[in-house]
Amino acid sequence: MAFESLSDKLSSVFKKLRGKGKLTEQDIKEAMREVRMALLEADVNYKVAKDFIADVTQRAMGQEVMESLTPAQQVIKIVNEELTRLMGGDEAARIHIKSKPPTIIMMCGLQGAGKTTHCAKLAKRFLKEGHRPLLVACDIYRPAAVDQLCVVGAQAGAPVYKLDGEKPEEIARRAVMHAKDYGNDIVILDTAGRLHVDEELMAELARIKQTVPVDETLLVIDAMAGQDAVNVAKSFSESTGLDGVILTKLDGDTRGGSALSVRAVTGKPIKFAGVGEKLDDLEVFHPARMASRILGMGDVLTLIEKAQDTADAKKAEETARRLMENKFDMNDMLDQLAQLKKMGGAGALISMLPGLAGKVDMDEINESKAFVHIEAIIQSMTPAEREKPSIIDPKRKRRIAAGSGTKVEDVNRLLRQFEQMSKMMKQLKRNPKKFGRGGLGRLFGM
């Protein structure tokens, strides 16, 4: 997960500060030196890291911190506020949709950053919000680029406009006319990328902007590229003029420095973050929430939004009713597993929970493999076994293990977990207050 190493190092620095009680200027200077090293190791731009440390140090040396009863907490608060400011401030940057359609969004970037996929992700997000986006294939150079846009567009449920034998600017012009005729209120232009920034690429983007009135120019950059991503963003910003950035692969094993540097170097906000390979894996970038995640404080608001987006209200209500009536069975467990996968899995959820972020060994949560095994085991059960797991004897266990490609021990483990869950549910019904004081943690083995 992005920022994992940075989060660990910052947590270690703040732990030392908490152990000191009152802080001296020397304590703060030493702590800031370690924070600076952590930022540089996370691939944060050198000047950005230097300015950040200077701002935090100046505030941390102030009277309110030095004379505070909890100086370490005050320093953490300052770091949190400065991280938020560095990434764009308290408010998330949004795409402004014009009252007179269509709103034209031009997506640009280098090859391999995920531009075409993120065109479809953006279209799917707009569809959910009640808009009618049109994807436009302006990349006429890369082999199969048009075909790829058609495939991901179909997956997103958005129409794709393509035109053979024409230049990108003419395709864009005709696409806008098409959008006006067919009632598409948002036009998303998928432009060509290059292996590196060059004059030819910039000239083409400039011609498109001269031909159609582009409202938003969004640069798609790969978070795993580190400082290279920041340099690319700076080049595009100076040559083409940007309105915002979409940062991809923010869920990967990346140092995350580009997220902390882009705004400071280009002056342009990160508007969205790609956090997975699925078309639903696109989040609005909230600087304050990201700062909280980096400092291990979790991100409950994003977690709630994910739950609201993915949860089936009727199914959740039915599951809650069955829980309270002690009718929870393996079918319900399978449903809950599907909901968890929709929300990004256990790892994604744990990273957003205050107090758990950084404290659970994510390497031990090999969730994708575990999910597949659990699904296979439950699906190998008969309807009667799913409804009443207590009837599963050794002979049935051997059959279920053979049918699911697992071992009898795996079946036994799942049955034990189900039994523990059932016991917890009974405790919840008898004594909800007791359950609230740590019962939930015991249920999930935390």
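These numbers were taken from a predicted model, which means no experiment stands behind them.

J.: Any chance you could explain the overall build of the chain here in plain terms?
T.: Across its full length, the chain carries 22 helices and 8 strands. When each of the 446 residues of the chain is scored for burial, the buried share is 48%. Summing over all exposed atoms, the chain offers an accessible surface of approximately 22600 Å²; the carbon and sulfur share of this is 51%.

J.: Honestly, the pairing of strand 2 (residues 133-137) in this entry has me stumped. Any pointers?
T.: For a regular strand, the rule is simple: side chains alternate between the two faces of the sheet. Burial analysis of strand 2 places 5 of its 5 residues in the buried class, the great majority of the element. Burial along strand 2 is two-sided: Pro133, Leu135 and Ala137 facing one way and Leu134 and Val136 facing the other are all buried. When strand 2 meets strand 4 (residues 186-190), the two strands line up parallel, connected through 5 bridges. Looking across to strand 4, one finds that Leu134 is bridged to Val187. Relative to strand 3 (residues 160-161), strand 2 runs parallel, the two being bridged by 2 bridges. Its bridge partner lying in strand 3, Leu135 is registered against Val160. Taken together, strand 2, helix 7 (residues 145-156) and strand 3 form a β-α-β motif whose crossover is right-handed.

J.: What should I look at first to understand the nonpolar core in this one?
T.: Most often, soluble globular proteins keep nonpolar side chains buried together rather than apart. One finds Leu189, Phe236 and Leu260 to be the most contacted residues of the largest nonpolar core, which totals 73 residues. Sort the elements by how many residues they give to this core and helix 5 (residues 71-86) lands first, with 7 residues. Setting aside residues up to four positions removed in sequence, Phe236 forms contacts with Cys108, Gly109, Leu110, Val197, Leu201, Met202, Leu205, Leu219, Gly241 and Leu242. Counting residues in hydrophobic clusters, the runner-up holds 25 residues, among them Ile95, Met107, Ala137 and Val220.

J.: Explain the packing of aromatic side chains to me, please; I cannot follow it from the model alone.
T.: Here the distance between the centres and the angle between the planes together describe a pair of aromatic rings. Applying the stated rule across the entire model yields 0 aromatic pairs. When the ring centre of Tyr141 is taken as reference, the NZ or CZ atom of Arg194 above it lies at 5.5 Å.

J.: What exactly am I supposed to notice about unusual backbone geometry here?
T.: Most peptide bonds are trans, and most residues other than glycine sit at a negative phi. Pro102 follows Pro101 through a cis peptide bond whose omega is 0°. Mapped onto the fold, Pro102 is located in the loop between helix 5 and strand 1 (103-108). Despite not being glycine, Asp43 shows a phi value in the positive range, around 70°. Residue placement: Asp43 occurs in the loop between helix 2 (25-41) and helix 3 (46-60). Judged by relative accessible area, which is 16%, Asp43 ranks as buried. Even without being glycine, Ala144 reaches a positive phi, approximately 70°. Within the secondary structure, Ala144 sits in the loop between strand 2 and helix 7.

J.: I would appreciate a short explanation of helix 5 in the present structure.
T.: Compared with an ideal rise of 1.5 Å per residue, which puts 16 residues at 22 Å, helix 5 spans 22 Å between its outermost C-alpha atoms and is within 8% of the ideal. If you check which residues of helix 5 are buried, you get Pro71, Ala72, Val75, Ile76, Ile78, Val79, Asn80, Glu82, Leu83, Thr84 and Leu86. Remark: Gly88 follows helix 5 within two positions and exhibits a positive phi of approximately 135°.

J.: Is there a simple way to explain the confidence of the model for the chain in this structure?
T.: Caution applies to low-pLDDT parts of the model: their predicted coordinates are not meant to be read in detail. Chain-level pLDDT for the chain is 82 on average; 79% of the residues reach the 70-or-more range. Overall, residues 355-366 carries pLDDT values under 50, and its contacts beyond four positions in sequence, including any with other chains, amount to 13 contacts. In the predicted structure, residues 435-446 sits below a pLDDT of 50 and forms 15 contacts with residues beyond four places in sequence or in another chain.

J.: How do you make sense of the pattern of salt bridges when you look at a structure like this?
T.: As a working rule, side chains carrying opposite charge can pair if their charged atoms are close by. Across all of its chains, the model carries 25 salt bridges by this definition. Across the pair Glu170 and Arg174 runs a salt bridge, and its minimum N-O distance is 2.9 Å. Of this pair, Glu170 and Arg174 both sit in helix 8 (residues 168-182), separated by 4 residues, roughly a single helical turn. On the accessibility criterion, Arg174 (32% relative accessible area) is partly exposed.

Cut-offs applied
Residues numbered from 1 in each chain as written. Predicted model: local features only at pLDDT ≥ 70, side-chain atom pairs only at ≥ 80, totals over all residues. Heavy atoms only, no water. Helix = DSSP H or I, 4+ residues; strand = E, 2+ residues; numbered from the N terminus. Buried < 20%, exposed > 50% of the residue type's maximum accessible area, 1.4 Å probe, protein only. Areas by Shrake-Rupley, 256 points an atom, 1.4 Å probe, with all protein chains shown as cover. Pairing = 2+ DSSP bridges. Right-handed = clockwise from strand over helix to strand, strands pointing away. Core = buried A, V, L, I, M, F, W, Y, C linked by side-chain atoms within 4.5 Å. Contact = heavy atoms within 4.5 Å. Phe/Tyr/Trp six-rings, centres within 6.5 Å; stacked < 30°, edge-to-face > 60°. Lys NZ or Arg CZ within 6 Å of the ring centre and 35° of its normal. Expected span 1.5 Å × (residues − 1). pLDDT = per-residue confidence, 0-100. Salt bridge = Lys/Arg side-chain N within 4 Å of Asp/Glu carboxyl O.

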